[in-house]
Amino acid sequence: MNAFLKKIGAWPYNITHAWAMGLLSLLTLGLFLPTLHYGFVFDDYPTLLEYPHMHTSAIFFSSCRWISRALQRLGVVIGGLEPIGFRIVNLAIHLAIGLLLYMLFVSIFQQLKQPWFSTRARLLAFLAALLFLIHPAQTQTATYMTQMGTEGVAALVIVVVILLFVRGIVAVQIWSKIAWYAASFIAAYVGCGSKEIIVVLPGLVMLTDFVLFAQIDLKQFLKRLPLHLLLGAVMFVGLERIGVYVRRIVREAPKVELPNNRGTLITEKPREIIKPNLYRWTQPKILFHYMGIFFWPVGLCFEYGIKLVSGATAPDVLIPLLFFLCLIGGAIVLALRRLLLPSVCGIFWFLMVMLPRSIAPSQELVCDYKTYIASIGIMMILAPLFIYAIEYVSALVRVSLRQKVFLGGIASFVIVLFTSSHVRNLVWKDELVFWSDVVAKVPDRARAYNNLAIAYLLKDDLDAAVANFNKSVEIDPLYGEPHVNLAHVYERLGEREKAASEYELALASGEMHPQLFYNLGLFNKNGGAIDLAEKSFRKAIEIRPFYPTARYELAQILYDKKQFAQVVALCEETFSLKATAALPFLDIYGLALCAAGDSKRALPVLLSCDTTKPEIAFSAGCCLFDAKDFKAAAQHFETAHKKNRHDVRIAYNFGQVLFEIGQYDHALEVFGRCNNVVDQMPLVPLLKAQCLQKLGRGTEAKILLSQIIKTTKHLEVCRSAQDLLKTI
């Protein structure tokens, strides 16, 4: 320990692991526990509540994000479809990454040959992990459930694999080395199912080994090169297994041309295509922004309104490009001199993670959550820089005050970080606060005004909703979604002409938006245009197969049209997609099966539904009647009859089953409710006569049978009445 450290004191340089991990946990929980009661925001609705793979049992190795989906299902187990379960899982992931990073950073710093790092290893590791956990720029990932569930899981896998690999490097016993390396390979193979960005993992392992453990000693690094190649091969096989074809992606992804994501234009003209070359020339200024938010986290926002550059020679290309060329050049010089190796690793770590996202075009130009994994490299730069700065300042005061200044500086830094992150977290409280923050900072984003209007709509503030929808349309007249939403509002207000006009504008925009056709379907249904409504719902499902409400509306229309076979097929397809949400698909499925005459399949379905509902009880009774379980059928018919005494259809069936179980007097009473519909139910008088006969009231039965013979228009009923009359 050098003279300065002796003067300032052993603590906090020799902070114990228990203290370090305890403080990391305490500060992280203190920052994020208040967010557990926050609601869903933006993409959380489709990706968490409606994503089909989250609800399927066949989840292992089923997709390139199967681990993320499995953890989301754990969130459902904890909190159902409320946000708290997802947030608890995400908080656990974020904290776990921070604690594992502390362990990794300790291993890195303490074995470096530069004494400045090795003597400060624990403090540097603590501060680097703390920066990762509570830096304000991290809130967009850590508090955003959708992205923490994917970016966070990928980061966890990366840190686990590198930590296991590092343990293999530093292990002494050969069997211990083999065990650690094998564990890292297994973790990497399984971790292929976290998120596609995991493809950078082999490069990050090589970078960490070459710069921080081999410490630019090529001979030392080459000894472990076969292990790195094997790790890459293992991951290649794992990615191919779950459908991530790396060679094809590398060949095709950089060439893709994309249309703008409506409402968040990144080109100057709405109809302009996102050109791959312009997208890539824009990346230097995007990377500059990403790196800058960690050094100066002011003005953070979900959207920034940044657009593609005009060309390769534009100033906003050349200036940041020159910056990164100088940064890379400086890092290479430092590496060759074996100086500040954590910073060298940090620079290349950041660039390596961001490289795939800078090459393949995307409709979203700036998303701060993309920096979550890359930020690990930034923390390797920030932590030593801060410690050096605070030591420099402490050295300027007299010896007796140095420890107080040093500890005070660290405490002040942590308080500022914690407070600013807490303030930033408040933005994620709900949709209204979230989108208000966006429009306040970036007032030219049509999507932000549209989503803010939806937030007002959910609070029944129709005036504010209409004003913001109109603002969205004003910014981007070709943006179809606000027109759809305006039409919905106008329909609620009873202004169907205005609603129809907005739907026409939405259709003219050319957007194949499922919500457009769903709302249009409701509009047509409410207006009595059932065939048009059916077409609209079918179009919504065609665009978005996993659309529970559209499916249910279509099922209802088909049921009302007595197209029961189509209802059954639609429901079974919906069940296979796990797209039922909280809608009563089982009800309509059971009813359709029953109406189609498939009582054997319908019965267990109906009995699993709410049999206190008259329609369910009636259909269950019909199925039980077919199964000749007359007593059980009578119970269900009675339930339906009590709740709807004026439904002669129920009364007729109830009377029949009462007759079958010998309750003739009760059956006679129930049949009496059908007197006014004899033309539709010609057997009613005959059944009443049979009841009278069974009750020993032969004279009344004869009179009734004689009336039937004289008045009935149905030959079969007349013959049955004559046959019965002969037996009395």
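This text gives an overview of the structure that appears in the document. (Residues numbered from 1 in each chain as written. Predicted model: local features only at pLDDT ≥ 70, side-chain atom pairs only at ≥ 80, totals over all residues. Heavy atoms only, no water.)

In this section: the overall build of the protein chain. Counting secondary structure elements, the protein chain contains 37 helices and zero strands. Over its C-alpha trace the protein chain gives a radius of gyration of 35 Å, far above what one expects of a compact globule, namely 27 Å for 728 residues. For the protein chain, the C-alpha atoms occupy an extent of roughly 120 × 60 × 50 Å along the three principal directions. Here the protein chain, with 728 residues, has 51% of them falling under the buried criterion. Considering only contacts within the protein chain whose residues lie at least 6 apart along the sequence, 66% involve residues at least 24 apart. (Helix = DSSP H or I, 4+ residues; strand = E, 2+ residues; numbered from the N terminus. Rg over C-alpha atoms; globule rule 2.2 N^0.38 Å. Buried < 20%, exposed > 50% of the residue type's maximum accessible area, 1.4 Å probe, protein only. Contact = heavy atoms within 4.5 Å.)

Below, the discussion takes up helix H26 (residues 530-543). Taking 1.5 Å as the rise per residue, H26 with 14 residues should run 20 Å; its terminal C-alpha atoms sit 20 Å apart, in good agreement. Taken together, the buried positions of H26 are occupied by Ala533, Glu534, Ser536, Phe537, Ala540 and Ile541. Looking straight down H26, one finds its buried side chains confined to an arc of 165 degrees; they lie on one side. Structural note: H26 exposes Asp531, Lys535 and Glu542 on the side pointing more than 90 degrees away from its buried face. Along its buried surface, H26 packs onto helix H25 (514-526) and helix H27 (548-560). (Expected span 1.5 Å × (residues − 1). Arc of directions from axis to C-beta.)

This brings us to the packing of helix H2 (residues 17-32) against helix H7 (residues 121-134). As a packed pair, H2 and H7 sit with axes 10 Å apart at the nearest point and diverge in direction by 15 degrees. Of the possible angle classes, the one that applies to H2 and H7 is roughly parallel. Pair H2 / H7 crosses with right-handed handedness. Residues His17, Ala20, Leu23, Leu24, Leu27, Thr28, Leu31 and Phe32 of H2 touch H7, and the partners they reach there are Arg122, Phe126, Ala129, Leu130, Leu133 and Ile134. Residues of the contact of H2 with H7, tallied by class, amount to eleven nonpolar, two polar and one charged. (Axes fitted to C-alpha atoms, helices over the stretch in contact; angles between N-to-C directions. Parallel < 35°, antiparallel > 145°, perpendicular 65-115°, else oblique. Left-handed = near helix turned anticlockwise from the far one by under 90°. Nonpolar A, V, L, I, M, F, W, Y, C, P; charged D, E, K, R; others polar.)

Unlike most non-glycine residues, glutamine 215 shows phi in positive territory, near 50 degrees. Assessed through its relative accessible area of 6%, glutamine 215 is described here as buried. Positive phi outside glycine occurs at lysine 628, with the angle close to 65 degrees.

Take the environment of leucine 130 next. By secondary structure assignment, the location of leucine 130 is in helix H7. Taking relative accessible area as the criterion, leucine 130 reaches 0% and is therefore assigned buried. As for leucine 130 and leucine 478, which are separated by 348 residues in sequence, their C-alpha atoms are 45 Å apart. Among residues more than four places away in sequence, those in contact with leucine 130 are Leu24, Leu27, His135 and Val414.

Here we take up the packing of aromatic side chains. This structure, assessed with the given rule, holds 32 aromatic pairs. Relative to tyrosine 45, the ring of phenylalanine 40 has its centre 5.8 Å away and its plane inclined at 55 degrees; by these criteria the two rings are tilted. Between tryptophan 428 and phenylalanine 434, the ring centres sit 4.7 Å apart and the planes meet at 50 degrees, which makes this aromatic pair tilted. On the basis of relative accessible area, tryptophan 428 is assigned to the buried category, the value being 1%. (Phe/Tyr/Trp six-rings, centres within 6.5 Å; stacked < 30°, edge-to-face > 60°.)

Let's shift gears to the side chain of aspartate 476. Looking at the element boundaries, aspartate 476 is found in the loop between helix H22 (462-475) and helix H23 (480-492). On the basis of relative accessibility, which here comes to 3%, the residue aspartate 476 falls in the buried class. Aside from chain neighbours lying at most four places away, what touches aspartate 476 is Arg262, Gly263, Leu265 and Ala446.

Turning to the environment of threonine 35, a few remarks are in order. When you line up the elements, threonine 35 lands in the loop between H2 and helix H3 (44-49). The class of threonine 35 is buried, set by a relative accessible area of 5%.

Let us now look at helix H34 (residues 664-671). Looking only at H34, the buried set comprises Ala667, Leu668, Val670 and Phe671. Angular distribution of buried residues about the axis of H34 spans 165 degrees; they occupy a single face of the element. Buried residues along H34 sit against helix H33 (648-660) and helix H35 (683-694).

It is worth spelling out the pattern of salt bridges at this point. On inspection of all chains with the given rule, the structure shows 32 salt bridges. In this structure, the salt-bridge partner of arginine 247 is glutamate 240, at a minimum N-O distance of 4.0 Å. Given the relative accessible area of 57%, arginine 247 is considered exposed. Of the charged contacts in the structure, one is a salt bridge between arginine 601 and aspartate 598, with a shortest N-O distance of 3.2 Å. For aspartate 598, a relative accessible area of 23% corresponds to the partly exposed category. Members of the salt-bridge network, linked through shared partners, are Glu303, Glu364, Arg445 and Arg447. (Salt bridge = Lys/Arg side-chain N within 4 Å of Asp/Glu carboxyl O.)

What follows is about the side chain of asparagine 90. Position of asparagine 90 among the secondary structure elements: in helix H5 (residues 83-110). Apart from the residues within four sequence positions on either side, asparagine 90 is in contact with Met145, Met148 and Gly149.

In a pair of packed helices, the angle between the axes and the distance between the axes together describe the arrangement. Where helix H30 (residues 599-607) contacts helix H31 (residues 614-626), the axes come no closer than 9 Å and their chain directions differ by 140 degrees. Compared by their axis directions, H30 and H31 come out oblique. When the axes of H30 and H31 are compared, the crossing they make is left-handed. Of the residues in H31, those in contact with Ser599, Ala602, Leu603, Leu606 and Leu607 of H30 are Ile616, Ser619, Ala620, Cys623, Leu624 and Asp626. Residues belonging to the contact of H30 with H31 are distributed by class as follows: eight nonpolar, two polar and one charged.

Judged by side-chain polarity, Leu74, Val77, Ile78, Ile84 and Ile88 come together as a nonpolar surface patch covering roughly 430 Å² of accessible area. Take leucine 74: it is sitting in helix H4 (residues 66-79). (Patch = residues over 30% accessible without salt bridge, like charges linked within 9 Å, V, L, I, M, F, W, Y side chains within 5 Å. Areas by Shrake-Rupley, 256 points an atom, 1.4 Å probe, with all protein chains shown as cover.)

Tracing the backbone through its elements, the reader meets glutamate 502 in helix H24 (residues 496-508). Taking relative accessible area as the criterion, glutamate 502 reaches 11% and is therefore assigned buried. Not counting the four nearest positions on each side in its chain, glutamate 502 is found in contact with His483, Leu486, Ala487 and Tyr490.

What the rule picks out here adds up to zero disulfides. With no disulfide of its own, cysteine 718 has cysteine 691 as its nearest cysteine by sulfur position, at a separation of 20 Å. Classification of cysteine 718 as buried rests on a relative accessible area of 15%. (Disulfide = S-S within 2.5 Å.)

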